[in-house]
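Descriptive analysis of the structure
One letter stands for each residue in the lines below.
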Amino acid sequence: MARDAMNPAGQTTRTPAPAVHALADAAPTPFWLDDPDRPAALPALVGDERCDLLVVGGGYSGLWTALLAKERDPERDVVLVEGQQVGWAASGRNGGFCAASLTHGLGNGLARWPGELKKLEELGARNLDAIGEAVERYGIDCAFERTGEIDLATEPHQIAELREAAEDAERLGLGGYDFLDRDAVRAEVHSPTFLAGLWNRDGVAMLHPARLAWGLKQACLDQGVRIYEHTRATDLATDGTGMAVRTPYGRVFARHVALGTNAFPHLVRRVRPYVVPVYDHALMTEPLTGEQLAALGWKNRQGLSDSNNHFHYFRITADHRILWGGYDIVYRYGGGVRAEYDHHPATYEKLARHFFQCFPQLEGVRFSHAWGGAIDTCSRFSAFFGTAHGGRVAYAAGYTGLGVGATRFGADVMLDLLSGERTERTELEMVRTKPLPFPPEPLRWAGIGITQWSMSRADARGGKRNLWLKAMDKVGMGFDS
């Protein structure tokens, strides 16, 4: 049988039976976390703790902050608290694309920080190099592969957009970007939907995201960081010359606090309007056979993503599965983050249908896992930074789906801000400015809904943006995942 779905133009279609059947046995859990080597949780905090630096959040943002703090000063006393288990949220649910870009791509960077984009690209490249070096230095087994990523044109108007992006990269003196025509891109990966591509050869690595988080956790422990899991920070307050953070069974008194909570409600309330949690979803196939791999021709193992507003991202894993995610951007009224929001069967069916449209030669392949999770998006699509409580608290948030790599840069920024130093990072306009805040409900819900509809309409009309999207572009307000 088939089921109803919606195409980008809003017309009802039928989900083909192969897509429905392929999902029949998919486990409703993130593939990366479904790992027999997942480390056991550490005990929760009971009682009071004191430290120089408290890090709140056990995803990449918090883990990098704790580790870099110890690398800067091995004598610094660092504590990290995590509300669930290290890496269980976005850090263990993403696609495993570790990008050098700090600006959510060249186009967004040119639109927002044209005067410092070259510097931002240099800092991003150095940051990605440093991640690779840390993976090697700490012996983190996370399948780190510097294969690059190809942005794909799947509609005729996108070909010119990719050519323009290649020209922008050349004008900025950025190497490693190659435009691929239809034959060249299909020689890399076989799909009848690919019309052209832009291969960023060195600016993206593929990795196992949960294993990166677990490896950073172990590196932190080895450097003397004290980590408490199942320890949610519930309140942040000034305490003399330092800060006090309350948890369910205790308190942490610290000179400084770094907040890496991202999509979750921020402990600094004035930050909350800048971030909305949106839900992204992904599928993972079973391992492909040798014959199926040959039919794909995906020998260079690049990450791939198409160029639609509602885009797909996909990559091949170390054990020859395909992760296929993205497209829908699901926002819930009020912006809550709840476990029941992780799954969206209508999106799974849509993703499965699109998968077989992209790779018809893989009909019969089944999906082993289907999952979702919250992303912290902001209106400029890339991270913003700040301090509170007289400089004793620093935060970074709003990575909008590109946090696997950029969170390490954000950790350095937070540590710079807490130190009071003026560095090449803190002098950046990107660091000194904030995105536009999202309006309160119900305007937020309505605005996001109109934007989603407009983005789908643009995808169906050759990329033509309506008056609403043009107005949003003009004021610098966007919505993405």
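See the structure printed just above.
This write-up is about the structure you can find in this document. Just so it is clear, the structure is predicted and the values come from calculations on it, not from any experiment.

Notes on the pattern of salt bridges
It is possible for side chains of opposite charge to pair when their charged atoms get near one another. Applying the stated criterion to the full structure yields 27 salt bridges. Across the pair Arg 321 and Asp 319 runs a salt bridge, and its minimum N-O distance is 2.9 Å. For the salt bridge of Arg 422 with Glu 427, the shortest nitrogen-to-oxygen distance reads 3.1 Å. Using a relative accessible area of 38% as the deciding quantity, one classes Glu 427 as partly exposed. Members of the salt-bridge network, linked through shared partners, are Arg 72, Arg 408, Asp 412, Asp 416 and Arg 425.

Comments concerning helix H12 (residues 443–460)
Helix length check: H12 (18 residues) gives 26 Å between terminal C-alpha atoms against 26 Å at 1.5 Å per residue, within 8%. Within H12, the full set of buried residues consists of Arg 444, Gly 447, Ile 448, Thr 451, Gln 452, Ser 454, Met 455, Ser 456, Ala 458 and Asp 459. Phi turns positive, to about 65 degrees, at Gly 462, one or two residues after H12.

A word on the nonpolar core
The biggest cluster of nonpolar side chains holds 50 residues, and the ones touching the most others in it are Leu 53, Trp 64, Leu 212, Leu 216 and Phe 385. Among the secondary structure elements, those contributing two or more residues to this core are strand E3 (47–56), helix H2 (60–72), strand E4 (78–81), helix H4 (117–137), helix H7 (209–222), strand E20 (393–397), helix H10 (403–419) and helix H11 (429–432). No other element matches H10, which puts eight residues into this core. Discounting chain neighbours no more than four positions away, the residues touching Leu 216 are Tyr 60, Leu 63, Trp 64, Leu 67 and Ile 140. Grouped together as the second largest cluster of nonpolar side chains are 32 residues, Ala 22, Val 189, Phe 314 and Phe 367 included.

Here we look at H4
Counted at 1.5 Å a residue, the expected span for H4 with its 21 residues is 30 Å, and the 30 Å between its end C-alpha atoms agrees. Of all the positions in H4, only Leu 117, Leu 120, Glu 121, Leu 123, Gly 124, Asn 127, Leu 128, Ala 130, Ile 131, Gly 132, Ala 134 and Val 135 are classed as buried. At the C-terminal side of H4, Gly 139 shows a positive phi close to 65 degrees.

Re the environment of Pro 209
Note that Pro 209 resides in helix H7. Residue Pro 209 is classed as buried on the basis of its relative accessible area, which comes to 0%. Spatially, the C-alpha atom of Pro 209 lies 9.0 Å from that of Ala 143, the residues being 66 residues apart in sequence. Sequence-distant contacts of Pro 209, that is, excluding residues within four places in its chain, are made with Trp 32, Tyr 60, Ser 91, Asn 94 and Gly 96.

Points about the side chain of Thr 65
Along the chain, the position of Thr 65 falls in helix H2. A polar contact of 2.7 Å, which involves the side chain of Thr 65, links it to the backbone oxygen of Ser 61. Residues within four places of Thr 65 in sequence aside, it is in contact with Val 55, Ala 258, Ala 411, Met 414 and Leu 415.

Quick word on the environment of Gly 326
If you trace the backbone, Gly 326 turns up in strand E17 (residues 322–326). With residues up to four places along the chain from it excluded, the contact list for Gly 326 reads Asp 280, His 281, Phe 311, Tyr 313 and Leu 351.

Some remarks on the side chain of Gln 452
You can see Gln 452 is positioned in helix H12. A polar contact of 2.3 Å, which involves the side chain of Gln 452, links it to the backbone oxygen of Ile 329.

A look at the packing of aromatic side chains
Evaluation of the coordinates by the stated rule reveals 21 aromatic pairs. A centroid spacing of 5.3 Å and a plane angle of 75 degrees characterise the contact between Phe 31 and Trp 32, whose relative ring orientation is edge-to-face. Taking the centre distance of 6.3 Å and the plane angle of 65 degrees together, the rings of Trp 324 and Phe 359 count as edge-to-face. Highlighted residues: Trp 324 in strand E17 and Phe 359 in the loop between helix H9 (345–358) and strand E18 (367–377), separated in sequence by 35 residues. Phe 359 sits in the buried class, given a relative accessible area of 0%. Grouped by ring-pair contacts, the aromatic residues Phe 194, Trp 298, Phe 314, Trp 324, Phe 355, Phe 356, Phe 359 and Phe 367 constitute a single cluster. Between the NZ or CZ atom of Arg 112 and the centre of the ring of Phe 381, over which it lies, the distance is 5.4 Å. The ring of Trp 199 carries the charged tip of Arg 201 above its face, separated from the ring centre by 3.7 Å.

What counts, and where the lines are drawn
- Residues numbered from 1 in each chain as written.
- Predicted model: local features only at pLDDT ≥ 70, side-chain atom pairs only at ≥ 80, totals over all residues.
- Heavy atoms only, no water.
- Salt bridge = Lys/Arg side-chain N within 4 Å of Asp/Glu carboxyl O.
- Buried < 20%, exposed > 50% of the residue type's maximum accessible area, 1.4 Å probe, protein only.
- Helix = DSSP H or I, 4+ residues; strand = E, 2+ residues; numbered from the N terminus.
- Expected span 1.5 Å × (residues − 1).
- Core = buried A, V, L, I, M, F, W, Y, C linked by side-chain atoms within 4.5 Å.
- Contact = heavy atoms within 4.5 Å.
- Polar contact = N/O pair within 3.5 Å; in protein donor to acceptor, adjacent residues only side chain to side chain.
- Phe/Tyr/Trp six-rings, centres within 6.5 Å; stacked < 30°, edge-to-face > 60°.
- Lys NZ or Arg CZ within 6 Å of the ring centre and 35° of its normal.

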